[in-house]
Amino acid sequence: MIWSGLIVLASLFIHVAVFRFGTIPHDAFGLKDFYSKNIDVFSNGLYALWYVIGVAVLAFHVSHGFQSAFRSIGVNHDVYTPALEWISRAAGVIVGVGFASIPIYVFFFLRGA
């Protein structure tokens, strides 16, 4: 967990540096255009790949952490543990697929648009 936590932390720092402190274009109304920023950033194959790998590690980390949190407070029972394991895996998959879908979609369907 320490290694996945460090990878997630590094990914978070890079993500914040790119999206928060990078230049963001403005639209016709003077508002920040995050849609164009996403298209620009995730059109770069290396960044998109790094982001998907970081999200996969995050999904594993969330899955294990959710399950481990309940065990830490004493919820470890033959009846409840299989359900918690299933829920934790589902949470990891939902987080992973949800966050990875954006760079995958942009890279394969929108980068040429």
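That block above? That's the structure.
Here, residues in each chain are numbered from 1, in the same order as that chain's written sequence. This being a predicted model, a pLDDT of at least 70 is required before a residue's local features are given, and a value of 80 or more before pairs of side-chain atoms are given or counted; all residues contribute to the totals for chains, interfaces and linings. Computation of side-chain values: all heavy atoms of the structure, hydrogens and water removed.

Draft legend 1. Region of the structure containing the environment of isoleucine 87. Secondary structure elements follow DSSP: runs of H or I no shorter than four residues count as helices, runs of E no shorter than two count as strands, and numbering proceeds from the N terminus. Assignment of secondary structure puts isoleucine 87 in helix H4 (residues 80-110). Each residue is assigned to one of three classes by its accessible area relative to the maximum for its type, calculated with a 1.4 Å probe on protein chains only: buried under 20%, partly exposed between the two thresholds, exposed over 50%. Note on isoleucine 87: relative accessible area 39%, which makes it partly exposed. Counting along the chain gives 21 residues from isoleucine 87 to phenylalanine 66, while the straight-line C-alpha distance between them is 8.5 Å.

Draft legend 2. Main features of the layout of surface pockets. Here a cavity denotes a set of grid points, spaced 1 Å apart and computed over the protein atoms alone, in which a 1.4 Å probe fits but from which it cannot get out, and a pocket denotes an open set meeting protein on both sides within 12 Å along at least five of seven lines; residues with an atom within 4 Å of a point are reported as lining. Grid points are joined across faces, edges and corners, and a volume is the space filled by probe spheres set on the points. Looking at the largest pocket, its volume works out to about 190 Å³. In terms of lining, the largest pocket is formed by Val8, Ser11, Leu12, His15, Trp50, Tyr51, Gly54, Val55, Leu58 and Phe99. Broken down by secondary-structure element, the contributors of at least two residues to the lining of the largest pocket are helix H1 (2-19) and helix H3 (45-72). Here the lining of the largest pocket takes five residues from H3, the largest share from any one element. Across the lining of the largest pocket, the residue classes break down as seven nonpolar, three polar and no charged. Amino acid classes used here: Ala, Val, Leu, Ile, Met, Phe, Trp, Tyr, Cys and Pro are nonpolar; Asp, Glu, Lys and Arg are charged; the rest, including Gly, are polar.

Draft legend 3. Focus on a nonpolar patch on the surface. Residues Ile2, Trp3, Leu6, Leu9, Leu12, Phe13, Val16 and Phe21 make up a contiguous nonpolar surface patch of about 900 Å² in total accessible area. In this structure, leucine 12 sits in helix H1. Exposure above 30% relative accessible area and the lack of any salt bridge qualify a residue for a patch; like charges then connect within 9 Å, and the nonpolar side chains Val, Leu, Ile, Met, Phe, Trp and Tyr within 5 Å. To measure how exposed things are, a 1.4 Å probe is used in the Shrake-Rupley method; for residues, cover is taken only from the protein chains shown. Salt bridges, as used here, are contacts in which a Lys or Arg side-chain nitrogen is within 4 Å of a carboxyl oxygen on Asp or Glu.

Draft legend 4. Quick look at the packing of aromatic side chains. Pairing of aromatic side chains here covers Phe, Tyr and the six-membered ring of Trp, requires ring centres within 6.5 Å, and sorts the geometry by plane angle: under 30 degrees stacked, over 60 edge-to-face, intermediate tilted. For the structure on display, the rule yields nine aromatic pairs. Between phenylalanine 19 and phenylalanine 42 the ring centres are 5.8 Å apart and the planes differ by 45 degrees, which places this aromatic pair in the tilted class. Here phenylalanine 42 lies in helix H2 (residues 34-42) and phenylalanine 19 lies in helix H1, a separation of 23 residues in the sequence. Relative accessible area serves as the criterion here: at 13%, phenylalanine 19 is assigned to the buried category. On the accessibility criterion, phenylalanine 42 (2% relative accessible area) is buried. Look at phenylalanine 107 and phenylalanine 108: their rings are 5.1 Å apart centre to centre, the planes differ by 85 degrees, and that puts the pair in the edge-to-face class. On the accessibility criterion, phenylalanine 108 (59% relative accessible area) is exposed. Within the aromatic cluster, the residues linked to one another by ring pairs are Phe19, Phe42, Tyr47, Trp50 and Tyr51.

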